[in-house]
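# Observations on the three-dimensional arrangement
Next come the chains, spelled out residue by residue.
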Amino acid sequence: MFACTNCGYKTLKWLGKCPQCGFWESFIEEDAKPRKAAKTKDVTLVNIKELAQTTEKRLPTGINEFDRVLGGGLVKGEVVLIGGEPGVGKSTLLLETAAKLAQENKVLYVSAEESINQINLRAKRLGICPDNLFIVTEDNIEDILPLFDKDFSVVIIDSIQVVRLNYLSGSAGSLVQVRETTGVLTEKAKKTGVCLIIVGHVTKEGVISGPKVMEHIVDCVVYFEGEKNSNFRILRAMKNRFGSVGEIGVFEMTQKGLEQVENPSSIFISQDNQIMPGRSTACILEGMRPMLVEIQALVTKGNFGMIRRKTSGFDFNRFSLLVAMLEKRLGLHLATQDVFVNITGGIRIDDPTADLALVAAVASSAQDFVVPADSIFIGEVGLSGELRIAYNITQRLMEAKRLGFKQAFIPEINHKKLNPKDFFGLNILGFNNAKEVIEKIKMKT
Ligand code: TYD
Ligand code: MG
């Protein structure tokens, strides 16, 4: 059998070009050695009632933002995949994590990508020098496996694309190698109870024989992401057999490594207090974590026939819908205008309840009125401008109150269920549609 190292397409004879993904010279021969038929054995049954009494013990990494994403720390024998683009900071995060863990556990860091010297330089830069952290720069997995038995609590593999199993054909990083090495490592981790953290590179175009084939094998998949030109990094759980997904950890890349950002709201809203049109604040929810972010919009006259629309950090299609809605329902004249939207701090918003803040920012810039800086906007906006119900409104409002906001513009459908006493100091206003919200802001200014 031959398999495409890019997409996994299988064929009986070698092909120059993959008919599925169009890659050239990506076929390698796959050893389809039949596994020996195993002897049958009795299967043990476990009563779930007895299990319920045992509580699983967690091994905290010592980095709170990472622990939050893992669901409180590592579980014995857990396999975690950390995916991310090259250069985002995976090795930095893991070296810091390893150092923290090594304060109380024996940790093995398999760095097949970098030399001892490079790691040493990085460790110096990060200012770490723990007793129980051991480094190897070996890329052959067969040589690594015996180390699992040397009472390490945690093993880190950096990265899966450069380690290999010698008995398999195909170069390191090929689909077959990635899949098989992950399988073998996972099996070993489960058998020995060692926690295993694997790094996997992801490329912009999607994935080349990378994390996607590993996702179903491992217990937990987290992605480490960051926008270009921004120092903020977000760690996001995409799959977690031992915790919830959607949780995020926020970090800032500094000269001395990654620093945890325990209070993300404070960085995503600008501190300059300048009052001008085109700015508003939204409260998004990342996992269970409310975060305030500032949305900036700029509406200017475009060149005839060449209007520009750009967003950074906000879904472009959603933005286009909202711009169309603003034209039709609020009578804004945007057809000849350039419209730019930016989310400060380089964060990407997926939460639809940020719609109302975006609408407010665009309308404010287009019509040149100021949105009060002490106000927060929560609500998904429909195509006729109606405000839809926002989930977890209480948490969002609490966060706004905590950060000193004085007013909240929210959907009426949420508003009527709230008890204003719970949010003393925050004036909460309910609306049925975006038009009313804009009119209300304009009345005040
Ligand atoms: P790295 O952890 O090597 O990324 P990955 O393993 O995901 O490929 O991080 C590389 C980038 O991080 C590099 O461009 C330099 C930057 N960096 C800092 O800004 N400060 C630091 O203290 C360190 C160690 C790296
Ligand atoms: Mg690296």
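Here, every reference points to the structure presented above.
Rules used throughout
- Residues numbered from 1 in each chain as written.
- Chains lettered and ligands numbered in written order.
- Predicted model: local features only at pLDDT ≥ 70, side-chain atom pairs only at ≥ 80, totals over all residues.
- Heavy atoms only, no water.
- Helix = DSSP H or I, 4+ residues; strand = E, 2+ residues; numbered from the N terminus.
- Buried < 20%, exposed > 50% of the residue type's maximum accessible area, 1.4 Å probe, protein only.
- Contact = heavy atoms within 4.5 Å.
- Areas by Shrake-Rupley, 256 points an atom, 1.4 Å probe, with all protein chains shown as cover.
- Lys, Arg positive; Asp, Glu negative; His and termini not counted.
- Charge placed at Lys NZ, Arg CZ, Asp CG, Glu CD.
- Phe/Tyr/Trp six-rings, centres within 6.5 Å; stacked < 30°, edge-to-face > 60°.
- Pairing = 2+ DSSP bridges.
- Near = heavy atom within 4 Å.
- Polar contact = N/O pair within 3.5 Å; in protein donor to acceptor, adjacent residues only side chain to side chain.

## Quick look at the overall build of the chain
On a plain count of helices and strands, the chain comes out with 13 helices and 23 strands. Taking the principal axes of its C-alpha atoms as reference, the chain extends roughly 75 × 55 × 50 Å. A buried classification covers 49% of the 445 residues belonging to the chain. Restricting to contacts in the chain with at least 6 residues of sequence separation, those with at least 24 account for 66%. Total accessible area on the chain stands at roughly 22200 Å², and carbon and sulfur atoms take up 53% of it. Distance between charge centres in the chain, computed from 55 positive and 52 negative side chains, equals 3 Å.

## What to know about the environment of Ala52
Within the element layout of this structure, Ala52 appears in helix H1 (residues 48-53). Residue Ala52 is classed as exposed on the basis of its relative accessible area of 61%. Between the alpha carbons of Ala52 and Lys124 there is a distance of 45 Å; along the sequence they are 72 residues apart.

## Focus: the packing of aromatic side chains
By convention here, two paired aromatic rings are described through the distance between centres and the angle between planes. In total, this model carries 6 aromatic pairs according to the counting rule given. Between Phe134 and Phe152 the ring centres are 5.9 Å apart and the planes differ by 70 degrees, which places this aromatic pair in the edge-to-face class. On the criterion of sequence distance, the pair formed by Phe134 in strand E8 (residues 133-136) and Phe152 in the loop between helix H5 (141-144) and strand E9 (154-158) is long-range, its members being 18 residues apart. Relative to Phe409, the ring of Phe377 has its centre 4.7 Å away and its plane inclined at 20 degrees; by these criteria the two rings are stacked. Of the two residues, Phe377 is situated in strand E19 (residues 375-377) and Phe409 in strand E22 (residues 407-411); the sequence distance between them amounts to 32 residues. When its relative accessible area of 0% is taken as the criterion, Phe377 is described as buried.

## Let's talk about the pairing of strand E15 (residues 279-286)
Most of E15 is tucked away: 8 of the 8 residues are buried. The side-chain alternation of E15 yields two buried faces, one formed by Arg279, Thr281, Cys283 and Leu285 and the other by Ser280, Ala282, Ile284 and Glu286. As paired strands, E15 and strand E16 (residues 289-301) are joined by 8 bridges and run antiparallel to one another. Following the sheet pairing, Cys283 is matched in E16 by Leu292. Counting the residues between successive antiparallel strands, the hairpin from E15 to E16 contains 2 residues, one of them, Gly287, with a positive phi of roughly 65 degrees.

## Remarks on the site of ligand 1
In the neighbourhood of ligand 1, 16 residues make up the surrounding shell, with Gly87, Ser91, Thr92, Arg122 and Gly257 lying closest. Here Gly89 contributes a backbone N or O atom positioned 3.0 Å from an oxygen atom of ligand 1. One nitrogen or oxygen atom from the side chain of Ser91 is found 2.6 Å from an oxygen atom belonging to ligand 1. When the free accessible area of ligand 1 is taken as 560 Å², the share hidden by the protein chains comes to 76%.

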